[in-house]
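# Analysis of the macromolecular model
The chain contents come next:
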Amino acid sequence: MVYSPSYNIAFLGLEKLHPFDSSKWGRIRDILVKRGTLNPNNVVEPVEATEEDLLVVHSKSYLQSLKWSFNVASIIEVPPVALLPNFIVQRKVLYPFRKQVGGTVLATNLAMERGWAINLGGGFHHCSATRGGGFCVFADISLCIQFAFCQLSISRAMIIDLDAHQGNGHARDFANDERVYILDMYNCEIYPLDIEAKRWIKQRVELLCGTTTEQYLQRLEQELKIAQVAFEPQLLIYNAGTDILAGDPLGQMLISPEGVKQRDEIVFQFAQQQKIPIVMLTSGGYMKSSAEVIANSIINLATKDLIQLGPATSTGAQ
């Protein structure tokens, strides 16, 4: 389990101006500890992703653009941030994001060693190498896969993106890259409506507003059977957004908390049956209830012996 208290974004209440719950990550960890599922000593804290790390995926010009508060405000969709001195934005906004990117890279390393890892943050699937958006500043999914290609002797990776929104960032980054297979199941009636990026999704599953739990789980199982035949990955990145929940103001789907638990179990069973190391990222979720839903799902994974919450040692982003 990968997490840092630095993940959480809080500064003068500005975080409340975006529907994303920017304290979600810490509350997941607290629930797991309180219920006795997670020993705090077994949580692995990542290091911050450095500029050198980020340049593996991002252009120099994109990283330079983040030194202008206006650009960051546009990406995270909180206009008042544009008025802040950039040194404050770097520390209070971008530093937490860089820590989460380090967490995704670390989780990838741990998954290759142990078979699974969960980063309680990350999953910034709207960000690509040259542009951010939708509260996603850095492309952690693209970065961790490139890290695996370069340093972990991996040549085939699969992304299963089950956030309610289309994962247009990683789709753009891996356009025409046959080493990466993307299964993206999302509500096609909501943001980002990125028509160009759709072309690069190997297995595109477009759902509608109002999709029910039964419809969702049935379709997921069907699509995973297709993916299993189509591609043999050595690493699976699972973007497990909870904005599919009924009542989420942005996802606009009707999936129950029990449905999210079943969804995660199905994906982890898929990985376990094929002996594929899996990295889970928590991604989007715009209700306060998301933290408890995620915690309950992790508890279920442990109960079903799909994950083992044992001792861990820390390594940093390479």
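Throughout what follows, the structure given in this document is the object of discussion. Along each chain, residue indices are assigned from 1 in the same order as the chain's sequence is written. Predicted model: local features are reported for residues with pLDDT of at least 70 only, side-chain atom pairs are reported and counted for 80 or more only, and whole-chain, interface and lining totals are derived from all residues. Side-chain numbers come from the whole structure's heavy atoms, not from hydrogens or water.

### As for the pattern of salt bridges
Stated precisely, the cut-off is as follows: When a carboxyl oxygen of Asp or Glu lies within 4 Å of a side-chain nitrogen of Lys or Arg, that pair is called a salt bridge. Accessibility here uses a 1.4 Å probe with only protein chains present; expressed as a share of the type maximum, an area under 20% marks a residue as buried, one over 50% as exposed, and anything in between as partly exposed.
Summed over the entire model, instances satisfying the criterion amount to 16 salt bridges. A salt bridge links E51 to K60; the nearest nitrogen and oxygen atoms lie 2.7 Å apart. Overall, the relative accessible area of 46% leaves K60 in the partly exposed class. One salt-bridge network, held together by shared partners, links R131, R172, D194 and E196.

### A few points about the packing of aromatic side chains
Cut-off, in case you're wondering: In summary, the pairing rule links any two rings of Phe, Tyr or Trp, Trp by its six-membered ring, whose centres are within 6.5 Å, and it sorts them by plane angle into stacked for under 30 degrees, edge-to-face for over 60 and tilted for everything else. Elements are defined by DSSP. Helices are runs of H or I of four residues or more, strands are runs of E of two residues or more, and each kind is numbered from the N terminus.
Inspection of the entire model under this criterion finds 5 aromatic pairs. Measuring from centroid to centroid gives 5.3 Å for Y3 and Y7, while their planes differ by 75 degrees, and the two rings are edge-to-face. Between F97 and F135, the aromatic rings sit 5.5 Å apart at their centres with planes inclined by 70 degrees, giving edge-to-face as the arrangement. A residue pair is termed long-range when its members are at least 10 positions apart, and F97 in helix α5 (residues 86-114) and F135 in the loop between β1 (116-119) and α6 (140-151) qualify at 38 residues. A relative accessible area of 9% means that F135 is categorised as buried. An aromatic cluster is defined as three or more aromatic residues linked by ring pairs; in this entry it consists of F97, F124 and F135.

### Quick notes on the pairing of strand β6 (residues 278-281)
Applicable threshold: Here the rule is simple: two strands pair whenever DSSP picks up at least two bridges between them. Here is how to tell: hold the view so the strands point away, follow the path from the first strand over the helix to the second, and if it runs clockwise the crossover is right-handed.
In β6, alternate side chains face the same way, and those of I278 and M280 on one face and V279 and L281 on the other are all buried. Pairing analysis gives 4 bridges linking strand β5 (residues 235-239) to β6, with the strands arranged parallel. In the strand pairing of β6, L236 is matched with I278. With helix α10 (residues 257-273) bridging β5 and its parallel neighbour β6, the resulting β-α-β unit is right-handed.

### Some thoughts on the environment of P96
Rule in force here: By definition, residues are in contact when any of their heavy atoms lie within 4.5 Å.
Looking at the secondary structure, you find P96 in helix α5. The spacing of P96 and N8 is 88 residues in sequence and 6.5 Å in space, taken between C-alpha atoms. Once you skip the residues sitting within four places of it in the chain, P96 turns out to touch S6, Y7, N8, I9 and R91.

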